[in-house]
Amino acid sequence: MIPTLNTLAALLTIGFGLFGFLAPSYTLGALDLAPTNSNMGLSEMRASVGGLFVVTAAAALWLGTPAAFTMLGFVYAGAALGRFVSLVLDNPPFVKALAFGGIEAALAAFLILANMSRSA
């Protein structure tokens, strides 16, 4: 059951990442961000919101080890931590930030807890 859920979590991650990678303008809008005088914002979307998640999840699928899926969980934990710190310091739209952070935290918790003991 855990390998199936790992695969689903990785495929979901690739799906989320593809939005940032292939549709950075759409992703900017969904995240309430706006480009400035340059296209650096689009570059950042493709890199940190897109490519980072696509390649990390693809690597977890390719490696197929519990340690690889645990690392994907740590990536989500970092995203959730940043999101929750932002809730405290930045006053983003509360419901949207909490929803995104909740999804990230849930994926982090599952991937880390389900795979950490299997990695030893």
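Parameters at a glance
Residues numbered from 1 in each chain as written. Predicted model: local features only at pLDDT ≥ 70, side-chain atom pairs only at ≥ 80, totals over all residues. Heavy atoms only, no water. Helix = DSSP H or I, 4+ residues; strand = E, 2+ residues; numbered from the N terminus. Rg over C-alpha atoms; globule rule 2.2 N^0.38 Å. Buried < 20%, exposed > 50% of the residue type's maximum accessible area, 1.4 Å probe, protein only. Contact = heavy atoms within 4.5 Å. Areas by Shrake-Rupley, 256 points an atom, 1.4 Å probe, with all protein chains shown as cover. Lys, Arg positive; Asp, Glu negative; His and termini not counted. Charge placed at Lys NZ, Arg CZ, Asp CG, Glu CD. pLDDT = per-residue confidence, 0-100. Patch = residues over 30% accessible without salt bridge, like charges linked within 9 Å, V, L, I, M, F, W, Y side chains within 5 Å. Salt bridge = Lys/Arg side-chain N within 4 Å of Asp/Glu carboxyl O. Core = buried A, V, L, I, M, F, W, Y, C linked by side-chain atoms within 4.5 Å.

A separate point is the overall build of the protein chain. Tallying secondary structure elements over the protein chain gives five helices and zero strands in all. For the protein chain, whose C-alpha radius of gyration is 15 Å, the value lies close to the compact-globule estimate of 14 Å for 120 residues. Taking the principal axes of the C-alpha coordinates as reference, the protein chain spans close to 50 × 30 × 20 Å. Burial status across the protein chain gives 32% buried among its 120 residues. Considering only contacts within the protein chain whose residues lie at least 6 apart along the sequence, 67% involve residues at least 24 apart. Element-wise, carbon and sulfur atoms account for 74% of the exposed surface of the protein chain, whose accessible area totals about 7000 Å². Side chains of the protein chain carry 4 positive and 4 negative charges; the gap between the two charge centres is 10 Å.

As a further point, take the environment of Thr 65. Relative to the helices and strands, Thr 65 resides in the loop between α3 (40-63) and α4 (66-89). Thr 65 gets classed as partly exposed once you look at its relative accessible area, which sits at 34%. Once the C-alpha coordinates of Thr 65 and Pro 3 are considered, the two residues, 62 residues apart in sequence, prove to be 9.2 Å apart.

What follows is about the confidence of the model for the protein chain. Residues at a pLDDT of 70 or more form 98% of the protein chain, whose mean pLDDT is 92. Across the protein chain, the secondary-structure element scoring lowest on mean pLDDT is helix α2 (residues 24-30), at 85, and the one scoring highest is α4, at 97.

Attention now moves to a nonpolar patch on the surface. Taken together, the side chains of Met 1, Leu 5, Leu 8 and Leu 11 present a nonpolar region at the surface, about 430 Å² in accessible area. Within the secondary structure, Met 1 sits in the segment before α1 (2-22).

With that settled, the discussion passes to the environment of Leu 12. Examined against the element boundaries, Leu 12 turns out to sit in helix α1. Linking Leu 12 and Ala 57, residues 45 residues apart in sequence, is a C-alpha distance of 8.8 Å.

A few words now on the pattern of salt bridges. Tallied over the full model, the rule gives two salt bridges. Across the pair Lys 96 and Asp 32 runs a salt bridge, and its minimum N-O distance is 3.2 Å. Of this pair, Lys 96 sits in helix α5 (residues 94-119) while Asp 32 sits in the loop between α2 and α3, and the two are 64 residues apart along the sequence. Judged by relative accessible area, which is 31%, Lys 96 ranks as partly exposed.

On to the nonpolar core, then. Within the largest apolar cluster, 13 residues are counted, with the highest numbers of intra-cluster contacts made by Ala 10, Ala 57, Ala 60, Phe 69, Leu 72, Tyr 76 and Leu 111. Sorting the residues of this core by element identifies α1, α3, α4 and α5 as the ones contributing at least two each. Per-element tally for this core: the top contributor is α4, with four residues. In this structure, Ala 60 is in contact with Thr 65, Ala 68, Phe 69 and Leu 72, ignoring residues within four places of it in sequence.

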